[in-house]
Amino acid sequence: MADQLIEVVESADNVATALRDIEAGETVTVLVDEAERTIEMHDDVEFGHKLALEPLSAGETVTKYGTSIGDASTAIEAGEWVHVHNVESNYGRGDLADQNQSQAVQE
Amino acid sequence: MSEFLGYERSDGSIGIRNNVVIVSTAPYANDTVTRAADIVENTVPITHPLGRCQTKPDVFQTYRTLLGYATHPNTYGAVVVAHAGEIVDGDELAADTAETGRPSESVNIHEEKGVMNGLKATVDAAQKMVRDASEQRRVPSNMSNLTFGINCATSDTTSGLCQHKATAGAVWRLIDEHDGRGVFAETPEFFGGEQELAERAINDEVKEKILDRVEWWDERLQATGYDVRGAQPTPDNMDGGLTTIEEKSLGALVKSGSGPIQGMVDYAEQIPNESGMYIMDSPGHGAESVTGIGASGAHFMIISTGQGHTLSNAVMPTIKITGNPGSAKRVPEETDVDVSEALVGDQSIDWATNQLWDEISAIIDGKLTMSEALGESQFAIHRIGPST
């Protein structure tokens, strides 16, 4: 039976939210679009944090609420903890604007 | 319920509290205001670091915010305290307050020949005003007069899954069943959800304004040359599981529900009288957005929090709701409504909405909120440009 304490908001999402502390090595069952999916946990995931529902390649869109919440900054395994160490935002990126500017100057 | 017990004002507005505010126009009057409020019971001091050496856009914004508090529906009357001749003018503020029929007095520390005389004049005016205010009684009033503000506070991943849904439920109940108004803010917390939000606008003008303001905030943040992470999301947001500003925003927008957006006002600008949901343009900085929403005339504020928060306002009562069971246990003195059973237990979001609505109903009739009982509040006017 699907774990009620692992929440997938929209069927298009590739991450879920843990509503309990999950441990690496656990096999968890989540409900995605009314179908059960079994995932081997790669990492510990604390209450409130996210786990990947499927493998993601670097640069791939991370989807929650059916919408992009950023891009994977590295390859992510199913069952891996998904957070600031492996996801990048696409808003408020003054650091990138600066990089683009210095690239333009170099060119 | 279509009626509540409120205080009638001569400008037609109805208050849920009967505050006497003592308003400083510049940092150099702050101490006089704080000291007078310590002496006179039942007064609210309003102090800030602005009002002097500001350029025009900030002068207008500071003035509009202070006037919003002096003439707030929950304000009985105001004593305005100026230091000398500031660009935010104390006499003008007192006169504009009097235009709404509220008692108002103006004290100028220089004209009183110093702080001791200035303090005496402020205390005398405030003492008379609170005694007059104490004679006013609550009367049955129509709920269509009410505006509920909504703000996030230390969001985490529980916010968008639980407490924001109950919050949306309560505000839309006020709008749909009682012809009231709702208002939310924090424009940088629309990042990533702005297209869907803009589609909810009632016309192209409102739609364009939402998209323009989101773009303005993103450009302004990019102009710093830094990654905004740490400022948005904040370290406590990230501790709670929020990874990017997009994720925070998509959760934050849940509190606005899914109904039409009637309009978008500037920071501290008055909310129109027509029923519906409005946006006030502000940063995601909670003290600044809540201060602005109060100045816009919201009677009451729902603070929907993930990790728990002290965020509150002295003129506009703030109720705190959380669905994070850990936060409800960790900071019970900052939790008015705990709906965590709807997140990790067997209760529904409808149950959570009813819990919130029942508590709101008691508070608008006069029950004190957790933060009111603790005498806790913050006041922070958002500034646009530099001091000069």
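In every chain, residue numbers begin from 1 and rise along the written sequence. Chains and ligands are labelled by the order in which they are written, letters from A for the one and numbers from 1 for the other. Two thresholds apply to this predicted model, a pLDDT of at least 70 for residue-level local features and 80 or more for giving and counting side-chain atom pairs, whereas whole-chain, interface and lining totals are computed over all residues. Calculated side-chain values reflect all of the structure's heavy atoms, with hydrogen atoms and water omitted.

Under an unreviewed UniProt entry, the name given to chain B is UxaA family hydrolase, and the source organism is Halocatena marina.

In the nomenclature of an unreviewed UniProt entry, chain A corresponds to UxaA family hydrolase from the organism Halocatena marina.

All right, on to the overall build of chain A then. Secondary structure summary: chain A contains one helix and nine strands in total. Runs of H or I in DSSP of at least four residues are treated as helices and runs of E of at least two as strands, each being numbered from the N terminus. When the elements of chain A are put in sequence order from the N terminus, they spell out β-β-β-β-β-β-β-β-β-α. By its C-alpha atoms, chain A is 60 × 25 × 20 Å across when sized along the principal axes. Think of it in three bands: with a 1.4 Å probe and only protein chains considered, a residue is buried below 20% of the maximum accessible area for its type, exposed above 50%, and partly exposed in between. Looking at the 107 residues of chain A, the share that counts as buried comes to 42%. Only heavy atoms matter for contacts: two residues are in contact if any of them lie within 4.5 Å across the pair. Counting only contacts in chain A whose residues sit at least 6 apart along the sequence, the fraction spanning at least 24 positions is 46%. When the accessible surface of chain A is summed, it comes to about 5,400 Å², and 43% of that surface belongs to carbon and sulfur atoms. Charge counting treats Lys and Arg as positive and Asp and Glu as negative, with His and both chain ends excluded. Lysine's charge is taken at NZ, arginine's at CZ, aspartate's at CG and glutamate's at CD. Separation of charge centres in chain A, based on 5 positive and 23 negative side chains, amounts to 3 Å. We get accessible surface area from the Shrake-Rupley algorithm with a probe of 1.4 Å; when it comes to residues, only the shown protein chains can shield them.

Below, the discussion takes up the pattern of salt bridges. A side chain with one charge can pair with a side chain of the opposite charge if their charged atoms come near. Basic side-chain nitrogens of Lys or Arg form a salt bridge, by our definition, when they fall within 4 Å of a carboxyl oxygen of Asp or Glu. Counted by the stated rule, this structure contains 19 salt bridges over all chains. Among the ionic pairs, Asp 3 of chain A bridges to Arg 20 of chain A, the shortest N-O distance being 2.8 Å. Of this pair, Asp 3 of chain A sits in the segment before β1 (6–7) while Arg 20 of chain A sits in the loop between β2 (15–18) and β3 (27–32); the two residues are 17 residues apart in sequence, bridging distant segments of the chain. Residue class for Arg 20 of chain A comes out partly exposed when judged on its relative accessible area of 23%. The closest approach of N and O atoms between Lys 248 of chain B and Glu 189 of chain B, which form a salt bridge, is 3.2 Å. You can see Lys 248 of chain B sitting in helix α10 (residues 245–252) and its partner Glu 189 of chain B sitting in the loop between β9 (181–184) and α7 (194–199), a full 59 residues away along the chain. Exposure remark for Glu 189 of chain B: the relative accessible area of 2% places this residue in the buried category.

Attention now goes to the nonpolar core. Residues and elements named next belong to chain B. We define a nonpolar core as any set of buried Ala, Val, Leu, Ile, Met, Phe, Trp, Tyr and Cys residues linked to one another through side-chain atoms lying within 4.5 Å. Ranked by size, the top nonpolar core spans 60 residues in total, and within it Phe 148, Phe 184, Ile 210, Phe 300, Ile 302 and Ile 360 carry the most contacts. When residues in this core are grouped by element, the largest group, seven residues, is from helix α6 (residues 163–178). Once you skip the residues sitting within four places of it in the chain, Ile 360 turns out to touch Phe 148, Ala 170, Phe 300, Ile 302 and Ile 319. Judged by nonpolar contacts, the second largest core, of 36 residues, contains Val 59, Ala 70, Ile 271 and Ala 298.

On to the environment of Gly 48 of chain A. In this structure, Gly 48 of chain A sits in the loop between β4 (35–40) and β5 (50–52). Looking at Gly 48 of chain A, the relative accessible area reads 0%, which means it is buried. Between the C-alpha atoms of Gly 48 of chain A and Leu 5 of chain A, which are 43 residues apart in sequence, the distance is 10 Å. Setting aside residues up to four positions removed in sequence, Gly 48 of chain A forms contacts with Thr 17 and Ala 18 of chain A together with Thr 157, Gly 240 and Gly 241 of chain B.

All names here are of chain B. All of the buried residues in helix α3 (residues 90–98) are Gly 90, Leu 93, Ala 94 and Thr 97. With its buried residues spanning 95° around the axis, α3 presents them on a single face. Elements in contact with the buried residues of α3: β3 (19–24), α2 (56–70), β5 (75–82) and β6 (104–108). The backbone nitrogen of Asp 91 lies 3.3 Å from a side-chain oxygen of the residue at the head of α3, namely Asp 89. Summarising the geometry, the arc corresponds to the directions from the helix axis toward the C-beta atoms. Whenever two N or O atoms come within 3.5 Å, that pair is a polar contact, provided that in protein one can donate a hydrogen and the other can accept it, and provided that, for residues adjacent in sequence, both atoms are side-chain atoms.

In this section: the confidence of the model for chain A. Averaged over all residues, the pLDDT of chain A is 91; the fraction at 70 or higher stands at 91%. Note that residues 102–107 of chain A has pLDDT below 50 and, in this model, zero contacts with residues that lie over four places away or in other chains. Every residue is assigned a pLDDT by the predictor, reflecting its confidence on a scale from 0 to 100.

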